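Observations on the model geometry
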Amino acid sequence: MSRFSLALRLLLRDGRSGELTILVLALIIAVTSSTAISLFADRLHRTMSTQAAEFLAADLAITSSTLIPPHWLKKAQSLGLKQARTAEFSTVLIENDELLLSGVKAVSSHYPLRGVLKTTQSDNYNEQIIKHQGPAKGEAWLEKRVLSALKLKLGDSLIVGEKSLTISQVLTYEPDKRGDLYSLSPRVMINDADLEATQVLKPGSHVHYFFQFSGSTDALDKFNRWVKPHLNVSQRLMDIHADRPELGSALTRAERYLGLSSIVVILIAGVAIAMSTRRYSERHFNATAILRCLGCKQSEILWLFLCQFLILGIASSALGSLFGWFAQETLFHLLRDLLPSKVANPSFIAVILGFLTGLFILLGFALPPLLRLKKVSPLRVLRRELAPLPTSAWLVYSLSLSLISLLIWQYTQDLKMTASIIGGGIISTLIAGIILYALLIQARRLLPFVSLSWRFGLQGLLKNPKMTVNQTLAFSITLVAMILSYTVRTDLLNDWQNQLPEQAPNYFVLNVFPTQVAPFKQTLRQHNIKNIDFFPVVRGRLVKINDIPVQKIVSKDSQGERATHRDLSLTWAKILPHDNKTVSGLWQPSVYGEVSVEHKLAKSLKIYLGDKLTFTIGSQQQHATVSHIRSVKWDTMKPNFYMVFSPMTLADYPSTYITSFYIAEENKNILNTLVKKYPSITVLEVDALLKQFKTILTQLTEAINYLLYFALLAGFTVLFAAVNSSLDSRVYEGALMRTLGANRALLRKAHFIEFSLLGLFSGLIAVLISELLLYAIYNYVLHLDYQLNGLLLIGLPLISTCCVSLAGFFAVKDVVNKSPMIIMREL
Amino acid sequence: MTKSQLNIIETENLGKTVPTSDGPLCILSSVTLTIKSAESIAIVGASGSGKSTLLSLLAGLDTPTEGLTKIKGKNITTMSEDGRAELRNQLVGFVFQSFQLLPSFTALENVMLPLELRGDKNAKASATKLLDRVGLSHRLTHTPMKLSGGEQQRVALARAFVTEPAILFADEPTGNLDSKTGEHIIDLLFELNQEKQTTLVLVTHDNALAARCQRTIKLEAGKML
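Rules used throughout
Residues numbered from 1 in each chain as written. Chains lettered and ligands numbered in written order. Predicted model: local features only at pLDDT ≥ 70, side-chain atom pairs only at ≥ 80, totals over all residues. Heavy atoms only, no water. Helix = DSSP H or I, 4+ residues; strand = E, 2+ residues; numbered from the N terminus. Buried < 20%, exposed > 50% of the residue type's maximum accessible area, 1.4 Å probe, protein only. Contact = heavy atoms within 4.5 Å. Areas by Shrake-Rupley, 256 points an atom, 1.4 Å probe, with all protein chains shown as cover. Buried area = accessible area lost by both parts, 1.4 Å probe. Salt bridge = Lys/Arg side-chain N within 4 Å of Asp/Glu carboxyl O. Pairing = 2+ DSSP bridges. Axes fitted to C-alpha atoms, helices over the stretch in contact; angles between N-to-C directions. Patch = residues over 30% accessible without salt bridge, like charges linked within 9 Å, V, L, I, M, F, W, Y side chains within 5 Å. Core = buried A, V, L, I, M, F, W, Y, C linked by side-chain atoms within 4.5 Å. Phe/Tyr/Trp six-rings, centres within 6.5 Å; stacked < 30°, edge-to-face > 60°. Parallel < 35°, antiparallel > 145°, perpendicular 65-115°, else oblique. Left-handed = near helix turned anticlockwise from the far one by under 90°. Nonpolar A, V, L, I, M, F, W, Y, C, P; charged D, E, K, R; others polar.

A tally of helices and strands in chain A yields 26 helices and 22 strands. Buried positions account for 55% of the 827 residues belonging to chain A. Long-range contacts, defined as pairs at least 24 residues apart, comprise 81% of the intrachain contacts of chain A with a sequence gap of at least 6.

From N to C terminus, chain B includes seven helices and 11 strands. Expressed as a percentage of the 225 residues in chain B, the buried residues total 55%. Pairs at least 24 residues apart make up 71% of the contacts formed inside chain B by residues separated by at least 6 positions. Carbon and sulfur atoms make up 50% of the accessible area of chain B, which totals about 9700 Å².

On the chain A side, the residues contacting the 29 residues of chain B number 25 residues. When chain B packs against chain A, close to 2600 Å² is buried across both sides, 58% of that on carbon and sulfur atoms. A per-residue breakdown of the area chain B buries against chain A is headed by Gln 100, Glu 116 and Leu 117 of chain B, which together make up 23% of the total. Along the contact surface separating chain B from chain A lie five salt bridges. The partner of Glu 109 of chain B in a salt bridge is Arg 13 of chain A, with the nearest N and O atoms 2.5 Å apart.

Here the focus is the environment of Ser 316 of chain A. All names here are of chain A. With respect to the helices and strands, Ser 316 occurs in helix α10 (residues 298-334). As a C-alpha pair, Ser 316 and Ala 26 span 290 residues in sequence and 9.4 Å in three-dimensional space. Not counting residues up to four positions away in its chain, the partners in contact with Ser 316 are Val 24, Leu 27 and Ile 28.

Here we take up the pairing of strand β4 (residues 40-44) of chain B. Residues and elements named next belong to chain B. Most of β4 is tucked away, with five of its five residues classed as buried. Alternating positions in β4 separate into two faces, Ser 40, Ala 42 and Val 44 on one and Ile 41 and Ile 43 on the other, with burial throughout. Bridge analysis of β4 against strand β9 (residues 199-204) gives five bridges, and the strand direction is parallel. Residue pairing in the sheet places Ser 40 in a bridge with Leu 200 of β9. As paired strands, β4 and strand β10 (residues 215-220) are joined by four bridges and run parallel to one another. For Ala 42, the partnering residue across the bridge sits in β10 and is Thr 216.

Next up on the list: the pattern of salt bridges. Residue and element names in this part refer to chain A. Taken as a whole and assessed by the stated rule, the structure comprises 23 salt bridges over all chains. Measuring nitrogen to oxygen at the nearest pair gives 2.6 Å for the salt bridge that ties Lys 105 to Glu 174. Here the residue Lys 105 occupies a position in strand β3 (residues 98-107), and Glu 174 occupies one in the loop between β8 (163-173) and β9 (187-191), the gap between them amounting to 69 residues. The exposure class of Lys 105 is buried, given its relative accessible area of 0%.

Moving on, we get to the sheet that holds strand β11 (residues 223-224) of chain B. Residue and element names in this part refer to chain B. Strand order in the open sheet formed by six strands is β7-β8-β9-β4-β10-β11, with mixed pairing between adjacent strands. At either margin of the open sheet sits one strand with a lone partner, and together these are β7 (92-95) and β11. Across the sheet, helix α6 (residues 179-196) is in contact with β4, β8 (167-171) and β9; its angle to β9 comes to roughly 160 degrees.

Moving on, we come to a nonpolar patch on the surface. All names here are of chain A. Where nonpolar side chains cluster on the molecular surface, the patch consists of Phe 4, Leu 8, Leu 12 and Trp 303 and spans about 380 Å² of accessible area. If one sorts the elements of the nonpolar patch by residue count, helix α1 (residues 3-16) sits on top with three residues. Within the secondary structure, Leu 8 is located in helix α1.

Now for the nonpolar core. Soluble globular proteins tend to bury their nonpolar side chains together. By size, the foremost hydrophobic cluster in this structure holds 77 residues, and its most contacted members are Ile 273 of chain A together with Ile 9, Leu 54 and Phe 169 of chain B. Here this core gets seven residues from one element, more than from any other, and that element is helix α8 (residues 245-283) of chain A. Leave out the neighbours within four places in its chain, and Ile 9 of chain B touches Leu 33, Thr 34, Ile 35, Leu 58, Thr 69, Lys 70, Ile 71, Ile 167, Phe 169 and Val 201 of chain B.

Time to look at the packing of aromatic side chains. Residues and elements named next belong to chain A. On inspection of all chains with the given rule, the structure shows 10 aromatic pairs over all chains. On the numbers, 5.7 Å between centres and 50 degrees between planes, the contact of Phe 535 with Phe 641 is tilted. Separated by 106 residues along the polypeptide, Phe 535 in strand β13 (residues 534-545) and Phe 641 in the loop between β19 (620-631) and β20 (643-645) bring together distant segments of the chain. With respect to burial, Phe 535 and Phe 641 carry one shared label: buried.

Residues and elements named next belong to chain A. Looking at the element boundaries, Ala 811 is found in helix α24 (residues 790-811). For Ala 811, a relative accessible area of 19% gives the class buried. Between the C-alpha atom of Ala 811 and that of Val 731, which follows or precedes it by 80 residues, the distance is 9.5 Å.

Here the focus is helix α2 (residues 81-91) of chain B. By the burial criterion, the buried members of α2 of chain B are Glu 81, Arg 84, Ala 85, Leu 87, Arg 88, Asn 89 and Leu 91 of chain B. Buried positions along α2 of chain B lie against α9 (285-293) and α10 of chain A together with β5 (66-71), β7, α3 (107-118) and β8 of chain B.

Before going further, it helps to examine the packing of α9 of chain A against α10 of chain A. All names here are of chain A. Contact geometry of α9 with α10 gives a least axis separation of 10 Å together with a crossing angle of 135 degrees. It follows from the interaxial angle that α9 and α10 lie oblique. Considering how the two elements wind past one another, α9 and α10 form a crossing that is right-handed. Only Gln 298, Ile 301, Leu 304 and Phe 305 of α10 make contact with α9, whose side of the interface consists of Thr 288, Leu 291 and Arg 292. A breakdown of the residues in the contact of α9 with α10 according to their chemical character gives four nonpolar, two polar and one charged.

Residues and elements named next belong to chain A. Looking at the element boundaries, Ser 214 is found in strand β10 (residues 207-214). Residue Ser 214 is classed as buried on the basis of its relative accessible area, which comes to 6%. Among all residues touching Ser 214, those that are not within four sequence positions of it are Asp 59, Leu 81, Lys 82, Leu 113, Arg 114 and Leu 220.

Take the packing of α3 of chain B against helix α4 (residues 123-133) of chain B next. All names here are of chain B. Between α3 and α4, the shortest axis-to-axis distance is 8 Å and the interhelical angle comes to 130 degrees. As judged from the angle between their axes, α3 and α4 are oblique. For the pair α3 and α4, the sense of crossing is right-handed. Between α3 and α4, the contacting residues are Ala 107, Leu 108, Val 111, Met 112, Leu 115 and Glu 116 on the first element and Ala 123, Lys 124, Ser 126, Ala 127, Thr 128 and Leu 131 on the second.

Now for the environment of Thr 198 of chain B. Residue and element names in this part refer to chain B. For Thr 198, the location among the structural elements is in the loop between α6 and β9. Residue Thr 198 is classed as buried on the basis of its relative accessible area of 0%. Spatially, the C-alpha atom of Thr 198 lies 5.0 Å from that of Ala 38, the residues being 160 residues apart in sequence. When near neighbours in sequence (up to four residues on either side) are disregarded, Thr 198 contacts Ala 38, Glu 39, Phe 161, Pro 165, Ala 166, Ile 167, Leu 168 and Asn 193.

If you want it as structure tokens, here you go:
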């Protein structure tokens, strides 16, 4: 008979006896959670990218200053991708003796591939939604202010270059507003077929082409991979994170949270697996000694048990992957009302990854205790007291730490941060362990002074202080993991709620002249729109950093490069917006020539404190010294700025003002009043963006809540594993005490005291470690503010005490209920 | 048929000292003996005299701190742990005071185990035959928990003899049994021993049992008398 059959038989017998229940449960939970999370996150990411693609008017877009080669389009066609093209350029329109610099957009058929256009044919805001088509040939759609500025009305002719077009609609919304709010000269939209007839574009004309594609994810991925190497310096693929930072920020943060949740569940499950395997290993010392006696070699012993665990791992991981699949399908079903009708298909690779994660966790956490079996001496058959030396603590901790470090690094993508989190965790755990050990040693002095039940309870913890410390730390780590998951989730959701309250601004107004600000505010107040901030804006372009042209500094295709290829909205302020947080430096608004820079742009442009920046504003050059670098919350629906100057620096330049405010659906006619009174203003509706944003956040909230349950489930397995791991000795001693005459009440009280103390110590240590780690995670990974949580400080030790004491009480109930003789025989 | 009366076990100045918190403790010292093939030897002595230690050194379960042990001319003291394991599988059988059966295996599976570890394809047939020999053919599928002490020891005897070992080590085989059951077990032990012509090394504090062996080695305070 082969060794494999022996291993299988041993496994089945142990399985039938319930030896492996907790271990299998922990592994299934870990794999289910890991598979569900990675499948869900992957599908949600791809679905949201599709939704977010509406703001690119496509799934994928290439921007270029020239026409792209026809064979690129043929390639896209061959992959089954739909295509559209827009061309944007500025031109001066002259009508009725009025001049206007406008932004013309020539659109092809099928535009927009994603999202919609909105137009109106009257003065009020009753819009119609138009999908996948722009103006017909010979027609033009104009923004309201073009009509106002050129004194035109619907039905009139508009001459663009050499071509006369009929104004058929008023354009109120287009999904793919480019760059920042100010790349919007007043819009004129024409049909692509009329472009040549305008004769505006000549060799050397400044025009932006946008080649848009939509289709299946596979086809898009293939085209993306194919086209990337072909792009030249003036071409790039548009990216939702860079081109829509407010959306990208929320997506990134949510994905990071989902990733952290996954790590948390894996960590908790790993602790349960380690504890269960330790008990399993110790329970097999005698059997191993017999096998050694009968001639089994050390390597064969290890193989026998590894084989069993591999079979267990494969079966549990397969089951966990299946459950994970169903779990994410269930979640998508629950969220069906919130999601688009077409959700991205599940990826088989995510299932495989979940399966492999299970094997990885099992080997990582189960191997050290199993290695101990290899060292069991055959002499144990004669001397029961002979136990193999524990596997080197360094090996045990190194393996587990390596696994966790790898996972954390994968999600933070920051080696320094991973090291900080792991380092902080290790140091705080070690300190806590040492303090607890010292406390336990000293607690022995209390024994003569306490009652019998307290003495028995305390002795349960004191007889082997090292084991008590290990058990306490294992449970503490579990609590820490669960706290991390819960606290981060809660604060993440609260943060989003705070950023997007019910009445978050849904309209932006630009191009308010300085003299109009006060009356504009007054008009708003009359309509009960109060406390609105106006921000001055000057358009300028960053040209030099420390007298070096920026093109020589920036990396190709970076955020910094894009920021230097266009005018930025420069503003000034005495007080920075309250949600702009200082990263470094000191904001000195009273000093002339100071500028505060957004930190991601600063990093991309390699800008540091003290650097001298040179801007071109109109025909003038303006210098400023970087005195302050700050973080900006892009997802707040308020005006945000890369560059904020000290007031005196830009005050002399011609400027306009920008603001944002909330208008309820039923009050939208206020906008008519504003536009009539201030015809130069541009009103941008961000309702669609906001609604979309809120929908995405709601989806994420549901997912995050759902995922927390996995962490809780895993936590419970650890609780039972922790209690079970030292159950045998407790049960034996209890049976002996009952044999000697101890009554049930005494035993129950002693057990309650022992487990309560265990729970209390675990809770206190968990509070210490979790506060340290939360601080690190909030500040460096999630970029949120963290404050000490009083509820956690008091609540966690109490909850921990209750849970552990109840679990322990339940686990040892046989000791007080069964006949001591039966228990002695079963042992 | 009688096996050749060669020396199957030899020791030279065998000794075992262990470190303790009070300094080194000498459990066994200067034991030099020879055991011939098919001989039956009783190792007797009071509790703590070093009997079990001597047995463990003779069987290769432990390594001495002084001296050496040879089994069939091979110095097992210098062998690796795996080398000794292989030797045990090939040459040695054991019977223990506390039976030492695998609790999750049936009687049949316990007896099959040493043959399975050798890769013997006829393990089941051999084990069934031997369990029948010890009178347990009706208990093949029962686990140790369902067997009495005597029955468990009979299973242990069957396991010890199923490989037809050259040497059988028995450590207080009746220590956990009542006297009547113990007598039956001993009778069975010696019957099987005679049938298989196995060298028997028996540790006991029972002088009556020791008298049934061909030779007695007495230990006192770790020394051979």
